[in-house]
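# What the coordinates show
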Amino acid sequence: MNELVTGDAVVLGLQPARLPSRALAIAIDLAVVLTVFVLISIGLAVATVALDEAASAAIAVATFLLVLVGGPIAVETLSHGRSLGKLACGLRVVRDDGGPIRFRHALVRGSMGVVEILGTFGVVGCIASLVSARGRRLGDVFAGTLVVRERVPTGRAVAVPPPPPWLVGRFAQLDLSAVPDGLWLAIRQYLTRMHQLDAGVGGSIAQRLADDLAGRTGVPVPQGVPAAAYLAAVVNERQARDVRRVMAAARRGAQVTGQATVPTSAVPTAGLRPAGVVRPVEGAASAAMPTAPSGTSPAEAPGGPPATGFAPPAETTGFAPPA
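Residues numbered from 1 in each chain as written. Predicted model: local features only at pLDDT ≥ 70, side-chain atom pairs only at ≥ 80, totals over all residues. Heavy atoms only, no water.

### Brief notes about a nonpolar patch on the surface
A cluster of nonpolar side chains, contributed by V32, V36, I40 and L84, occupies part of the molecular surface with about 290 Å² of accessible area. Among the elements that take part in the nonpolar patch, helix α1 (residues 19-47) stands out by supplying 3 residues, more than any other. (Patch = residues over 30% accessible without salt bridge, like charges linked within 9 Å, V, L, I, M, F, W, Y side chains within 5 Å. Areas by Shrake-Rupley, 256 points an atom, 1.4 Å probe, with all protein chains shown as cover. Salt bridge = Lys/Arg side-chain N within 4 Å of Asp/Glu carboxyl O. Helix = DSSP H or I, 4+ residues; strand = E, 2+ residues; numbered from the N terminus.)

### Looking at the nonpolar core
The biggest cluster of nonpolar side chains holds 27 residues, and the ones touching the most others in it are I187, Y190, L191, L213, Y230, L231 and V234. When residues of this core are traced back to their parent elements, those giving at least two are α7 (181-193), α8 (199-217) and α9 (227-260). With sequence-adjacent residues up to four places away left out, I187 is seen in contact with L209, L213, L231 and V235. Ranked by size, the runner-up nonpolar core spans 10 residues in total, among them A17, C89, I101 and A106. (Core = buried A, V, L, I, M, F, W, Y, C linked by side-chain atoms within 4.5 Å. Buried < 20%, exposed > 50% of the residue type's maximum accessible area, 1.4 Å probe, protein only. Contact = heavy atoms within 4.5 Å.)

### What about the pattern of salt bridges?
The tally for this structure, following the rule as stated, stands at 12 salt bridges. When the shortest N-O distance is used, the salt bridge between D140 and R22 registers 2.9 Å. In this pair, D140 sits in helix α6 (residues 138-143) while R22 sits in helix α1, placing the two residues 118 residues apart along the sequence. Accessibility assignment for this pair places D140 and R22 in one class, buried. Here E76 makes a salt bridge to K86, at a shortest N to O gap of 3.5 Å. You can see E76 sitting in helix α2 (residues 53-78) and its partner K86 sitting in helix α3 (residues 84-89), a full 10 residues away along the chain. By the burial criterion, E76 is buried, and K86 matches it.

### Here we look at the packing of aromatic side chains
Scanning all chains against the criterion turns up 2 aromatic pairs. Seen from their ring centres, F37 and F64 are 6.3 Å apart, and the 85° between their planes marks the pair as edge-to-face. Taken as a pair, F37 in helix α1 and F64 in helix α2 lie far apart in primary sequence, 27 residues in all. Accessibility expressed as a relative area gives 29% for F64, which makes it partly exposed. (Phe/Tyr/Trp six-rings, centres within 6.5 Å; stacked < 30°, edge-to-face > 60°.)

### Considerations on the side chain of R92
Inspection of the secondary structure assignment puts R92 in strand β4 (residues 91-95). What makes R92 buried here is its relative accessible area of 19%. Of the polar contacts made by the side chain of R92, one reaches the backbone oxygen of H80; its length is 3.1 Å. Beyond its immediate chain neighbours, meaning those up to four positions away, R92 contacts H80, G81, R82, P100, L146, V147, V148 and E150. (Polar contact = N/O pair within 3.5 Å; in protein donor to acceptor, adjacent residues only side chain to side chain.)

So far we have only geometry, and geometry alone does not tell us how the molecule works.
Structure (structure tokens):
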């Protein structure tokens, strides 16, 4: 079995690296380290040309230890198991339980690497990697580490089981902003694999994750709610919030786009008048027009057309009347 299994019997989705990829990563690392070592050695040789042989030998030994031994140790410690060659090949050094390595792990691996890789030109490391079921060399065995593949083909995603109906929406007011992504990932992995675990082991893992989640949110787990159901309900609430956030952003984007490209036909034309036509004001028009003498009909009123206060249709609309 090549999968990593933690002490809680949780199967991790990590695959151990094999000899070809590890050899390529080591070759890249050695090329970089040897180049740096040669450049530094040349510079020191020019700078210490006036020193005696004993001092030059001491400087050469110190340079060898600092660059060829201390360099890889420092890089693996600071990058949590990712050197330049491993980064190029998609590899990473982790602990046996899948956690990130620390300085003591990198120190043991680097010290043993001097014997396995530099001292024997990689022969001992290759033999140990071929014999090991998980491709570990002696430095990994003594340090309790393992080189795994980070870039692996993704399989079919497993959906998180839904919470009980009576818990849906119960945690709508819960503040989830302080929950880190690592805890969400651990909860999701547990929910998708909880049916594969032993009942006692699964219950303890669920309780520990529920306590961590409650500590991040500041609200204790409700009494009478199973830990697994509580985790499923909170994850469901987070997914619902993400969906609502995406939908709201999509609606705002659609509204902005619609306002920026309003068609001309959509502009209402009711109540609009041609340019230059002024609507007469009641009272003002009648006061401005002359009053017809008494006893005369509107048609006989002096000054031409009747004093109606309105212009003829042809002048008002700008269009000729129909034939």
